[in-house]
Amino acid sequence: MDTKRLLDVTLIALSAPVFGSALAALIGAVRICDGAPVFFLQERIGKDQRRFRIFKLRTMTQEPNPQARRPTRLGDFLRRRGLDEIPQFLNVLRGDMSLVGPRPLSPDDAERLIALHPPFAERFVMPPGITGLAQICQVLGAERTARLDAYYARHRSLGLDLRILLHTVFINLVGKRRGALDPRRLDPTLADGPADE
C-alpha cells in the first residue's frame, strides 16, 4: 500500500464515527425532505481513464427532462457546504478515488475538456479526489485547472495533501469565495491567465 493510499484509509478510519454519523443524518434528511432516491450515481473517469460510479447525495429534483431539474431547497444547502460529497468516502475506500486529487469528470466532460485543452489528459495519471488544488483555489477554465492538476502531479506529497485537506475544511466553514487560496501562494508561476471556457 503506497503512502497516499495509507493516508486515505487512515484518515477515513479515524474520522469514520464522525462522518458515519453525519452521513446517516444526511441520508435521513434527504429521505424526509426530498424522498427517494437518496443517492445520485453517475459514471466518472478515474486513473488511467478507468470508468467508475461516483456516489453523491441527491440534490436535484427528478423531472423526466434533465434540463428541467433544479436543486431542491435542502440540495442547495448541501451543495453550498459540500455535504453532498460525503458518500464519496465510499469511493475512496473502494479505491476508485483518493481524498486529494483532480475532481473526477464525467466521460462527456473529459472528452470536451481534453479537446479544448489537450494537456488536461495528464490528470488521468493519478486517482481523482474528493478535493484538490483547483477546488481550494476556486479556479475556472480547462487551462487553469490543468495547470493546477499538473502542479499537483509534480509536487504531490503527504504535506501537500494535508494542506489541501485542511484548506478544504476552512473554505467550507467560511465560504468558498472568501476562503479560496490564491495559487500564487503555492508558486508564483501559477498566476491566473484569462478564463478559457
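The structure we're discussing is the one just above.
Quick notes on the rules
- Residues numbered from 1 in each chain as written.
- Predicted model: local features only at pLDDT ≥ 70, side-chain atom pairs only at ≥ 80, totals over all residues.
- Heavy atoms only, no water.
- Pairing = 2+ DSSP bridges.
- Helix = DSSP H or I, 4+ residues; strand = E, 2+ residues; numbered from the N terminus.
- Contact = heavy atoms within 4.5 Å.
- Buried < 20%, exposed > 50% of the residue type's maximum accessible area, 1.4 Å probe, protein only.
- Arc of directions from axis to C-beta.
- Axes fitted to C-alpha atoms, helices over the stretch in contact; angles between N-to-C directions.
- Parallel < 35°, antiparallel > 145°, perpendicular 65-115°, else oblique.
- Nonpolar A, V, L, I, M, F, W, Y, C, P; charged D, E, K, R; others polar.
- Core = buried A, V, L, I, M, F, W, Y, C linked by side-chain atoms within 4.5 Å.
- Expected span 1.5 Å × (residues − 1).

A.B. asks: Before we move on, can you summarise the pairing of strand 1 (residues 39–45) with the specific residues and values?
C.D. replies: The pairing of strand 1 with strand 2 (residues 51–57) spans seven bridges and is antiparallel. By the bridge assignment, glutamate 43 is partnered in strand 2 with arginine 53. Connecting the antiparallel pair strand 1 and strand 2 is a turn made up of five residues, with aspartate 48 showing a positive phi of about 60 degrees.

A.B. asks: Describe the environment of proline 127, naming the residues involved and giving the relevant values.
C.D. replies: With respect to the element layout, proline 127 can be found in the loop between helix 4 (107–116) and strand 4 (129–131). Taking C-alpha positions, proline 127 is 21 Å from serine 15, a pair spaced 112 residues apart along the chain. Those residues in contact with proline 127 that lie beyond four places of it in its chain are Lys47, Met97, Ser98, Gly101 and Pro102.

A.B. asks: Give a description of helix 4 that names residues and reports values.
C.D. replies: For the α-helix, the turn length of 3.6 residues means that residues three or four positions removed from each other point alike. Within helix 4, the full set of buried residues consists of Pro107, Ala110 and Leu113. Mapping the buried residues of helix 4 onto a view down its axis gives an arc of 135 degrees, with all of them on the same face. In helix 4, those exposed residues whose orientation departs by more than 90 degrees from the buried face are Asp108, Glu111 and Ala115.

A.B. asks: Summarise the packing of helix 1 (residues 3–34) against helix 2 (residues 73–81); cite the residues concerned and give the values.
C.D. replies: The geometry of helix 1 relative to helix 2 is characterised by a closest axis approach of 9 Å and an angle of 150 degrees between their N-to-C directions. What the angle tells us is that helix 1 and helix 2 run roughly antiparallel. Taken together, the residues of helix 2 that come into contact with helix 1 (itself represented by Leu26, Ala29, Val30, Cys33 and Asp34) are Leu74, Gly75 and Leu78. Looking at the contact of helix 1 with helix 2, its residues break down into six nonpolar, one polar and one charged.

A.B. asks: Just give me the short version of the nonpolar core, but keep the residues and values in it.
C.D. replies: Ranked by size, the top nonpolar core spans 33 residues in total, and within it Leu99, Leu133, Ile136, Leu148, Tyr152, Ile164 and Leu186 carry the most contacts. Listing elements by their share of this core, those giving two or more residues are helix 1, strand 2, helix 2, helix 3 (88–94), strand 3 (98–100), helix 5 (133–137), helix 6 (142–155) and helix 7 (158–174). By size, the runner-up hydrophobic cluster in this structure holds eight residues, among which are Ile45, Phe124, Ala142 and Ala146.

A.B. asks: Outline helix 7, supporting the account with residue identities and numerical values.
C.D. replies: Counted at 1.5 Å a residue, the expected span for helix 7 with its 17 residues is 24 Å, and the 25 Å between its end C-alpha atoms agrees. For helix 7, the full list of buried residues reads Leu160, Asp161, Ile164, Leu165, His167, Thr168 and Ile171. Buried residues of helix 7 fall within an arc of 170 degrees about the axis and therefore sit on the same side. Opposite the buried face of helix 7, at more than 90 degrees from it, the exposed residues are Leu166 and Leu173.

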